[in-house]
Every structure is written in structure tokens, then in C-alpha cells.
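Take a look at the letters that make up each chain.
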Amino acid sequence: MSRAADDYDGLTAAFLGGSSGGLQAGHTSSSRGRPLARASELPTVLVVGNVPTLAGIWIAQYADQLARSVGAVALIRLDGAASRAEVFRSQGRAMPLDGSAWLERASAFARAWIVCVDSRCGAAELVQSGCALTLMSGTDETALAAARRTIESIVHAATNGGAAIPSIDLVFVGSPQEAARTARDSLVAWASERAYAVQLAMTAHAPRVDRVESTGPVPLAMLSGLDLAAATEFIAMAMSGSPSRFAPEPVAPSVIAPERLAPLVVEHVSPVSTSNASTHTSQPTAHVQPGAVSSTIVQDFFSHFTALPFNCPDAPLVQLARDDAGSLHLIQAGNAANTLRVAAAWARANWALIAAACPRLQANPPHIIEHLLLDDARDGALLHRTGVLLHARIELTVGSSIVRQRIDLNDSASAGLR
């Protein structure tokens, strides 16, 4: 998709004001084949080829693995109107739900930025983006054949366009390390036989799916109409970290309806020092509204749990509950997993206070379980194996009564908790 020049000028004026990395060291952004008009620092573009099972699982696995090495990683998946972003290994930092505010917040601490596309993205777009390229693939013969086609198309696009052939980092997933090395050697030998002047190097390898730590996806609607070069330039603006752009507009208090909660089922709570409460803003605080009329999520859908009479001050929509085994359950309605992760980080940081307030919780080690209650089960497709228990919410009208039920979409094993 092409874009007129005045669109770029307008984008620059709107967000800057005025007129118009991999697991190894070689996986950082560089200036390979980059036009002079591009930003000085660009994200890495991850091209997802033929991988085992669901691609989203391996993308998250790769981003999380990279974050373990370099620090927080911002991952942006370009998918038209469904474009979205999340941060891996954010160390409990809260992320806003607005896309523009998310970009500004991520620019403050993300150490690496990845823009993910699939193999259907045109080779000419990949070359013209000027970004460092990483190709993710499986190691079976079908996957390697697809990888060869992608590499070949990139080489031809660069040659025909008079651009430098970019080097391509390789990431192999779903197989032992020895199989990954064999796959790398096979692609290097093939490129040499074809006399392709392209540098190929394996920079990462993920043999299996492990639990990842993510803030959860946030929509980036502003990227929906942009081609790859325009999108990566837009993201580069965020990477520069200007504090003056993406300023959220103030929301009138009347627009936000207050949350209505029914009285909670309250267990015995030990007294907590009020002096501590005044000096530690992250301490558990009461959030019960007497006189409210609607039922809570815990009562309606998790009646075998006991709701706790406080919540996380940074994630007030996440409800806290305990089970008879002493586990703490964090329950969030909707698909905004980022607030759930904020509440989990808060609970771990304040576990001593929470356990003192609720003696029936398992004191050491803390056992915290996260739940997402979805209105549409399809929203859980990208959230499997992320360490969150997923449920679909169903409400049926039977006569004059409303029957509320939940359907469990995974279990501890498939969620990645074991």
C-alpha cells in the first residue's frame, strides 16, 4: 500500500509538533540499506514464515526470550485493523489502553522494538523499510522451502530496486538445537550455491513453548492504514521518546460511569496499620461501595471463591478472591490482560501485607492465579499459553431471570501454568 507525501508530513506535524533487536549482538537495529530520509533508529522487522502450530505462540515466545536477555521488549503486530502491541518483561509497569499513550509509555523503558509481519508481506516492502530483518521458521523441509522463497524474493527485490541486500537473521522454533543448526547450514549452503550475496546467521532458537510475561495486547488503530515503511517510521517516532507527543486528551468526569458493585462476601480481615496505609500507595485498600445493586464477577461466575474486600489501586477493575487452598485469584472481565498483569505484579510486591490482611491465604510461597472472563471466546485465540486461565462469559434470559454461566477455555496445563 502506498502513501502520499503529504500524509507523511501530516503525520510528522501531528505527533512531533511544528511543520512538517535479536538475542545476539547482531540482532539490533542497523542502517543496512536504509534511505537517508528515514529515522536514525528503526525497529527490527520479524517475518514469520512456516512455523509449527499457531504462529502467535512462537512470536510471543521469541519476544519473551529476547526480553530475558536485553530487558523489556515492545512487540507490534501489523495486521491491518487488528494491529496491536504488547510489552514483554515490563517488570510490573502499568501500560495504558489507548494506543497513542501506549507508544509514549513504552518509549520510556523498552530496550528493543519488534514489528511482526507474516511471509505475505511483499519483499519490496521489506527492503524499502530499511529495517533489520529477522526470519522465523520451523526446521522441517516444508518450512525450509518457504524460507528459501522468502530469502530469494528479498534478494531479488533488493537487486531489482538498486538497494543493498540486507542481511537476514534466522530464528528457528519448535525443534532441538541440533535440528536448528542443520536448518541454518542448509539455508547458508543453498544461498551460496545460488550465489546470493546475502548474510544469514541464526540468532535465536526456541525448542519448546514456555510461559511468557506480557502486558497483554493493546489495539494500535493508527497503524491500520499504513504500509510497512510508513508504520515503522511511525514507530520510530515513538522510539525516540519525545515527551510532548501522544498527550492524551482529558476525559470529562461525566463520561465515565462509576462502577457499581454489590456488597462483597468478606472474610475476617486483620487490622492493618493506618500509618503504613498513608505512606505506601500500593498497599491494599478497601474498594467496597455499600448500597450498590449489581452482582460482582466473583459471585456470578466464580461462586466457589471468596471475594476479598480490597483491590489493586492501579487496576481497580481486577477483582481479588481466594480459594479454600489459600491461592489468590485475580479476575478481569474483558480481554485487557495488561491490567491483570499490573494487578499480579502489585500483589507479589505487597504479598506480606495481603497475607497479613487475609490469614487464609497461603503465605509462602505466594500462589497467584490470573483469570480473564471473555465476552467472546474468539478473543482468547492470542492468549493461550500466556499463563492466564481463560473463560467465556454467557448470560441467558430464562423467563424473567438471568442465568449467568462461564465456560472454561483452558486448564492449568494448556495455560502454561505447569
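Remember, it's a predicted structure, so these values are computed and weren't measured experimentally.

**Quick notes on the sheet that holds strand 14 (residues 368-374)**
The strand order across the open sheet formed by 6 strands is 10-12-13-14-15-16, and the pairing between neighbours is mixed. Each of the sheet's edge strands pairs with one partner strand only, and the pair in question is strand 10 (306-307) and strand 16 (401-408). Pairing of strand 15 (residues 389-398) with strand 16, which is carried by 8 bridges, proceeds in the antiparallel orientation. Residue pairing for strand 16: A392 is matched across the bridge by I407.

**Examining the layout of surface pockets**
A volume near 910 Å³ is recorded for the largest pocket. Listed by contribution, the elements that provide at least two residues to the lining of the largest pocket are helix 2 (55-70), strand 3 (84-88), strand 4 (112-118) and helix 10 (337-349). A total of 6 residues in the lining of the largest pocket trace back to one element, the largest contributor, which is helix 2. Of the residues contributing to the lining of the largest pocket, the split by class is 24 nonpolar, 11 polar and 11 charged.

**Re helix 6 (residues 177-193)**
Here helix 6 spans 24 Å end to end across 17 residues, near enough to the 24 Å set by a 1.5 Å rise per residue. Within helix 6, the full set of buried residues consists of A180, A183, L187, W190 and A191. Projected down its long axis, helix 6 carries its buried residues within an arc of 100 degrees, all on one side. Exposed positions of helix 6 whose direction lies more than 90 degrees from the buried face are E178, S192 and E193.

**Describing the packing of aromatic side chains**
All told, the structure shown has 3 aromatic pairs when counted by the stated rule. Each ring, one from W102 and one from W113, has its centre 6.4 Å from the other, and the planes form 85 degrees; the classification is edge-to-face. Of the two residues, W102 is situated in helix 3 (residues 99-107) and W113 in strand 4; the sequence distance between them amounts to 11 residues. Look at W113 and you get buried, because its relative accessible area is 6%. Judged by centre distance (5.5 Å) and plane angle (70 degrees), the rings of W190 and Y196 are edge-to-face. Residue class for W190 comes out buried when judged on its relative accessible area of 10%. Taking NZ or CZ as reference, R93 lies 4.3 Å from the ring centre of F109, over its face.

Cut-off values and rules
Residues numbered from 1 in each chain as written. Predicted model: local features only at pLDDT ≥ 70, side-chain atom pairs only at ≥ 80, totals over all residues. Heavy atoms only, no water. Pairing = 2+ DSSP bridges. Helix = DSSP H or I, 4+ residues; strand = E, 2+ residues; numbered from the N terminus. 1 Å grid on protein atoms, 1.4 Å probe; cavity = no way out; pocket = protein on both sides within 12 Å on 5 of 7 lines; lining within 4 Å. Points joined across faces, edges and corners; volume = space filled by probe spheres on them. Nonpolar A, V, L, I, M, F, W, Y, C, P; charged D, E, K, R; others polar. Expected span 1.5 Å × (residues − 1). Buried < 20%, exposed > 50% of the residue type's maximum accessible area, 1.4 Å probe, protein only. Arc of directions from axis to C-beta. Phe/Tyr/Trp six-rings, centres within 6.5 Å; stacked < 30°, edge-to-face > 60°. Lys NZ or Arg CZ within 6 Å of the ring centre and 35° of its normal.

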